[in-house]
Amino acid sequence: MASTSSPNFRDALLRHLTYTMGKDPEHAQFFDWRMALSHAIRDRIVDTWVSSTRKTYQQDGKRVYYLSMEFLIGRLLEDGIVNLELVDEVKEALTSFGMDYRTILDDEPDAALGNGGLGRLAACFLDSLSTIGCPAMGYGIRYENGLFKQSFVDGRQVESPETWLQEPHPWEFERPEVLLRIGFGGEVNYENGKTLWRPSEMIEAEAFDTPICGWQGKWANTLRLWAGRAVDPFDLGLFNSGDFAAAAEHEALARTISRVLYPEDSNEAGKELRLKQEYFFSAASIRDILRRFESAHDDLRELPNKIAIQLNDTHPAIAGPELLRILHDERGFSFEEALEITHGCLNYTNHTLLPEALERWDERLMGRLLPRHLQIIDRIDDAHAKANPSRTLSARSDGQVKMGELSFIVANKVNGVSALHTDLMKQTVFKELHELHPDRIVNQTNGVTPRRWVHSCNPALSSLITESIGDEWVADLEQLRKLEGVIDDKGWLDRFMQVKQNNKQALVDYVAKSHGVVLNPNAMFDVQIKRMHEYKRQHLNILETIAHWQEIKDNPHADWVPRVKIFAGKAAQGYYFAKDIIRLINDVSKVVNADVETRDALQVIFLPNYNVSLAERLIPASDLSEQISTAGKEASGTGNMKFALNGALTVGTLDGANVEIREQVGEENFFLFGLLADEVMQRRMIHDHAQQAIDADPRLGRALAALRDGTFTPEEPGRYNHIADNLTWSDYFLVCSDFSDYWRAQREVDKAYKIKPKWSKMAALNTARSGWFSSDRTIRGYMCDIWGAESLLA
Ligand code: 26W
């Protein structure tokens, strides 16, 4: 077969349609075209992939291993086409066969192997690592079912399995030769001075590799995802005895371990299967890392100079005791030396301070599933106590194994994900450990990849920028600052806002087609899209929306700034309060959108099944970005960065990376409100803080009353009494205390939006000054301050 990367892309496409899909153009479905196109693009990526892998072995530079339970990748076809700068060629080839580019791209399911921020950050990091040419591998789990699909029945969230792998996935390469045996349970024996763990259950981890192509296809790293396989998948004896189910039981059990992603994004379930998943992929990854190292090196003491492992939160933390176990139990290093080597290799990123999100495993569960590791954790605690007699700080205490403390103690560097979050880590959850190890915590403020989140999802803005300052910004985002030179040119600003208007119209068309709701394209698109959680305060947003609607009803003919309030986001299955907020927003939307008096001034919509692809549609079309979390609760946020880069203004609190966004874009280009992180603590001291706020602001009282009086639920007036009660009597996230200031900020937003030149300039300055929030800048920070890794691209 002729080499597939023929210059003429059309031929390559047709060749794959014919020989890979076995279809001729006349009978090909969208799926066939999408698969053929994927293979044609993949061929070109594989060339880079092979040469990158070869160069990595030759150079024998330091490798980075990014261990994450989640990679929220989204779609890969457009990402490949854009990174290879083949958009025009592909469009031309498809059009020549009468196929529409967007239609074929939309046929691809999202790889939804993550919950939210943490998982998407990992995906952005992979793109930046490849763009920079840093030799790295992502390690994770090949979930057969990604994050559940969300739909609404009577406004209620309904979950259904996500089945991305039910059709062939063109971006992965199965590696049947990479099959690693992982043990669970059993006991620990001591034979002739050696400690031997004899697991009672064995599962095999099979590798599936996905090439991650960087900008301009100069480099490609590997994402290796592990799938569970049975050691002996089929028991013929049982089958012949007619016990068919039992015959295949092992296979089913093994697959369970990589069957589904846990949909919790900030509440540790503490479930056995979750711990098995964490150990399964951590152990397989550590084995694979050691096999690769030992294939080219013979002294494991060299390991810290040749590899850097990043733990994406505590979910892979068991990788520390696992590496130590292998070095000590299997390779014969002393415990102290094994600990030193492990310490030299591992680093840990913390992504949340929420107590309920910090993993603490019951020691009995850990002891039963991983008996040897529990022993090793005890010895790590002993070693740490011996080295730091002044303080008794242990990972294991009160019957639990605290994975945050364990990760901190084992890690070389610990980092937070925004300046405020890192400071709060030092003052709260890791206060004592920070005092013991004052130079261990560093900050690495998050970032997002400009390829997917500007260049690909907002092509009109991208070409306007490139026309103005050249295209180097795509890989050097801080060059956006150069736009400040053209921002005062009225013509340029009009074109900038026309791009926004066209994106809004495209969104209006999409929502009309897919949801039958016609949004007002001339309204301000006010968007809050993220996981549902009380600390993110979607209920503050809808409460302000209700108060706003009530004001419009009082005075329908006033000169209101028309708004479209767009919500999207999933709630974890068991998080009933968050699910009720979704239902409330849908109930409010039903009443407000049907209200003839007000609907020209206000519309509300909750779009179902929020995922990466929907974000790529919504963000370029947004005017206002809602980043309204209770100060001190959002570790960083990354959506906030994507909105600012796409010319949306932020209404937000001084929380997470909002602080740094406001510093970069200028406080005059940011709508700030709310209590500060340290004021939050004080405010909570006041036992009736919510009641006081309600008494002080009749608008708030009136909006809360509407939650009780059936305004939005005539068929069931008291449906949201529990939400109103929560806000009135406990209100842990200070919705009531921040309401008045939020209202004030929103009215300032209205005032600014009315003055088009003012708003346009503020929006353009957000784009121009948000270049620092590139994940390339973040990754260069990790390479320099944590990993000591170099780019292999000249
Ligand atoms: C054990 C259950 C569980 C699962 C996921 C607990 C916690 C998590 C994640 C840490 C939650 C998460 O996604 N955190 C988000 O991480 C982003 C990337 O750093 C930050 O931008 C967000 O502020 C943070 O909420």
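Right, let's walk through the structure included here. Everything numeric in this text was worked out from a predicted model, so none of it was measured.

Bringing the overall build of the protein chain into the picture now. Scanning the protein chain for helices and strands turns up 33 helices and 24 strands. Taken against the 2.2 N^0.38 rule, which gives 28 Å for 794 residues, the C-alpha radius of gyration of the protein chain at 27 Å falls within 12% of a compact globule. In terms of its C-alpha atoms, the protein chain occupies a principal-axis envelope of roughly 90 × 70 × 65 Å. Evaluated residue by residue, the protein chain yields a buried proportion of 61% over its 794 residues. Taking the intrachain contacts of the protein chain between residues at least 6 apart in sequence as the baseline, contacts between residues at least 24 apart amount to 77%. For the protein chain, the accessible area works out to roughly 29,100 Å², and carbon and sulfur atoms hold 52% of it. Across the protein chain, 90 positive and 116 negative side-chain charges occur, with their mean positions spaced 1 Å apart.

Assignment of secondary structure puts Asn 388 in the loop between helix H15 (371-387) and strand S15 (396-397). Within polar-contact distance, the side chain of Asn 388 engages the backbone oxygen of His 384 at 2.8 Å.

This part covers the site of the ligand. In the vicinity of the ligand there are 21 residues, among which His 351, Asn 446, Glu 634, Ser 636 and Gly 637 approach most closely. Out of a free accessible area of 570 Å², the ligand has 96% covered by protein chains. Here the shell around the ligand is composed, by residue class, of six nonpolar, nine polar and six charged.

Taken as a whole and judged by the stated rule, the model has 70 salt bridges. Here Arg 451 and Asp 776 are joined by a salt bridge, their closest N and O atoms 2.7 Å apart. Here Asp 776 lies in helix H33 (residues 775-787) and Arg 451 lies in helix H19 (residues 450-456), a separation of 325 residues in the sequence. Just as Arg 451 is buried, Asp 776 falls in that class too. Ionic contacts of the salt-bridge type, sharing partners, join the residues Asp 526, Glu 544, Arg 563, Lys 565, Glu 626, Arg 747 and Asp 750 into one network.

A separate point is the side chain of Asp 587. Mapped onto the fold, Asp 587 is located in helix H23 (residues 576-594). Only 2.5 Å separates the side chain of Asp 587 from the side chain of Tyr 720, close enough to count as a polar contact. Every residue in contact with Asp 587, bar those within four places of it in the chain, is listed here: Phe 712, Thr 713, Arg 719 and Tyr 720.

Across the sheet, nine strands lie side by side as S7-S10-S11-S4-S1-S12-S13-S17-S18; this open sheet has mixed pairing. The open sheet has two edge strands, strand S7 (173-184) and strand S18 (441-443), and neither has a second partner. Shown here is a sheet whose adjacent strand axes are inclined to one another by a mean of 25 degrees, direction ignored. Here S7 pairs with strand S10 (residues 201-213) via nine bridges, running antiparallel. Among the inter-strand pairings, Ile 182 is bridged to a residue of S10, identified as Ile 203.

Rules and cut-offs
- Residues numbered from 1 in each chain as written.
- Predicted model: local features only at pLDDT ≥ 70, side-chain atom pairs only at ≥ 80, totals over all residues.
- Heavy atoms only, no water.
- Helix = DSSP H or I, 4+ residues; strand = E, 2+ residues; numbered from the N terminus.
- Rg over C-alpha atoms; globule rule 2.2 N^0.38 Å.
- Buried < 20%, exposed > 50% of the residue type's maximum accessible area, 1.4 Å probe, protein only.
- Contact = heavy atoms within 4.5 Å.
- Areas by Shrake-Rupley, 256 points an atom, 1.4 Å probe, with all protein chains shown as cover.
- Lys, Arg positive; Asp, Glu negative; His and termini not counted.
- Charge placed at Lys NZ, Arg CZ, Asp CG, Glu CD.
- Polar contact = N/O pair within 3.5 Å; in protein donor to acceptor, adjacent residues only side chain to side chain.
- Near = heavy atom within 4 Å.
- Nonpolar A, V, L, I, M, F, W, Y, C, P; charged D, E, K, R; others polar.
- Salt bridge = Lys/Arg side-chain N within 4 Å of Asp/Glu carboxyl O.
- Pairing = 2+ DSSP bridges.
- Axes fitted to C-alpha atoms, helices over the stretch in contact; angles between N-to-C directions.

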